[in-house]
Amino acid sequence: MPRLSAWFVRTSLIYLAIGFTLGAFLLANKGLRLYPQAWTLLPAHIEMLLMGWFVQLAIGVAFWILPRLSGAQPRGNERLTRFAFWLINIGIGMVVIDAFVSAPGLLLAARLVELVGVLVFILVAWKRVKSFSSK
Amino acid sequence: MPPLTRWFIRTSFVYFFLALLLGVLLGAQAVWDFSLPASAIDPSYFHLLAGGWITMLIIGVVFWMFPKYALDRPRRSLSLGWASYILLNVGLLLRIISEPANAVIGTPASIWAILLVLAAGLQWLGGMAFVINSWGRVKEK
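The shown structure was predicted, so the numbers you read here are calculated from the model rather than taken from an experiment. (Residues numbered from 1 in each chain as written. Chains lettered and ligands numbered in written order. Predicted model: local features only at pLDDT ≥ 70, side-chain atom pairs only at ≥ 80, totals over all residues. Heavy atoms only, no water.)

Undergrad: Please give an account of the side chain of B:Asn133 that cites residues and values.
TA: Residues and elements named next belong to chain B. Looking at the secondary structure, you find asparagine 133 in helix H4 (residues 111-135). A distance of 2.9 Å separates the side chain of asparagine 133 from the backbone nitrogen of serine 77, its partner in a polar contact. Apart from residues no more than four positions distant in its own chain, asparagine 133 is found in contact with Phe63, Arg75, Arg76, Ser77, Leu80 and Gly81. (Helix = DSSP H or I, 4+ residues; strand = E, 2+ residues; numbered from the N terminus. Polar contact = N/O pair within 3.5 Å; in protein donor to acceptor, adjacent residues only side chain to side chain. Contact = heavy atoms within 4.5 Å.)

And the structure:
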């Protein structure tokens, strides 16, 4: 797979590992009821597994296997896709930080950063959604 | 596709159906005027979909289609693959049973609480087994 796909997929596996760890802690705590404040971690658990794991794995695999374009950049603009990688991960990081320190406006900023990141990915990938035989 | 992939994908289909069945049950509350404890049922619905359907479908396809680890061990460790299947499934099923029971009748020392802790541990181990087995197959070319 291309390097950028490997970045997305490896990052998604890291988020899977951390997201599962948070989830296991939350579930065990649901039984043991030791830390009532543990529920503040729920948004971080959800963000890591939905955006961190599912979304990044899908983007990484899409960048790898979608039909290639003819020309110098067969997988579209790699620099822009790398930019999308950073935006998405900065956004995820901001959502996770917001679960620990509630800062006004941080969640909104995080979602905006993610939105731009996903939009950049969509714009680059758009042309690659085509028949394998068409140019 | 390899046998483990078939098991993961078929199992994911079963969870998909069960999740939607639970969704129907949740939707039926308003029509037949009964109420299920939301804190007991909603997490089961989400996790049947996210952990049962989507994650197991992904794991099955990853095990099948990711770059080969080595010529003699193309899918790395078959034992880790099967361990992840068994741990994730036993953990998820245990969760689906013990989470609603714990929400309704559980106490911190009850059997339901202990099963919930066990479910958490098994699912975590299953997830780690998958991550470890897949990590070396993410190869740049």
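We are not done yet, so read on.
Undergrad: How would you sum up the packing of aromatic side chains? Please name residues and give values.
TA: With the rule as written, the count across this model stands at 15 aromatic pairs over all chains. Between A:Trp7 and A:Trp86, the ring centres sit 6.2 Å apart and the planes meet at 70°, which makes this aromatic pair edge-to-face. Taken as a pair, A:Trp7 in helix H1 (residues 3-32) and A:Trp86 in helix H3 (residues 78-100) lie far apart in primary sequence, 79 residues in all. Relative to A:Phe54, the ring of A:Trp53 lies with its centre 6.2 Å away and its plane at 35°, an arrangement referred to as tilted. Residues A:Trp53 and A:Phe54 agree in their burial class; the two are buried. In textbook terms, an aromatic cluster arises when at least three aromatic residues are bridged by ring pairs, as seen for A:Trp7, A:Phe8, A:Phe85 and A:Trp86. The ring of A:Phe63 carries A:Arg128 above its face, with NZ or CZ at 5.6 Å from the centroid. For B:Arg137, the ring lying beneath its charged end belongs to B:Phe63, and the centroid distance is 5.9 Å. (Phe/Tyr/Trp six-rings, centres within 6.5 Å; stacked < 30°, edge-to-face > 60°. Buried < 20%, exposed > 50% of the residue type's maximum accessible area, 1.4 Å probe, protein only. Lys NZ or Arg CZ within 6 Å of the ring centre and 35° of its normal.)

Undergrad: Give a description of the nonpolar core that names residues and reports values.
TA: Nonpolar side chains in soluble globular proteins tend to be buried together. Counting 34 residues, the largest nonpolar core has A:Leu13, A:Leu16, A:Trp53, B:Phe66 and B:Phe130 as its most contacted members. Among the secondary structure elements, those contributing two or more residues to this core are H1 and helix H2 (42-65) of chain A together with helix H1 (3-32), helix H2 (38-65), helix H3 (78-105) and H4 of chain B. Ranked by residue count, the leading element in this core is H2(B), at eight residues. Filtering out sequence-adjacent residues up to four positions away, B:Phe130 remains in contact with A:Leu13, A:Leu16, A:Trp53, B:Ile59, B:Val62 and B:Ser84. Among the nonpolar cores identified, the runner-up in size contains 23 residues, and A:Leu4, A:Tyr15, A:Met51 and A:Ala125 belong to it. (Core = buried A, V, L, I, M, F, W, Y, C linked by side-chain atoms within 4.5 Å.)

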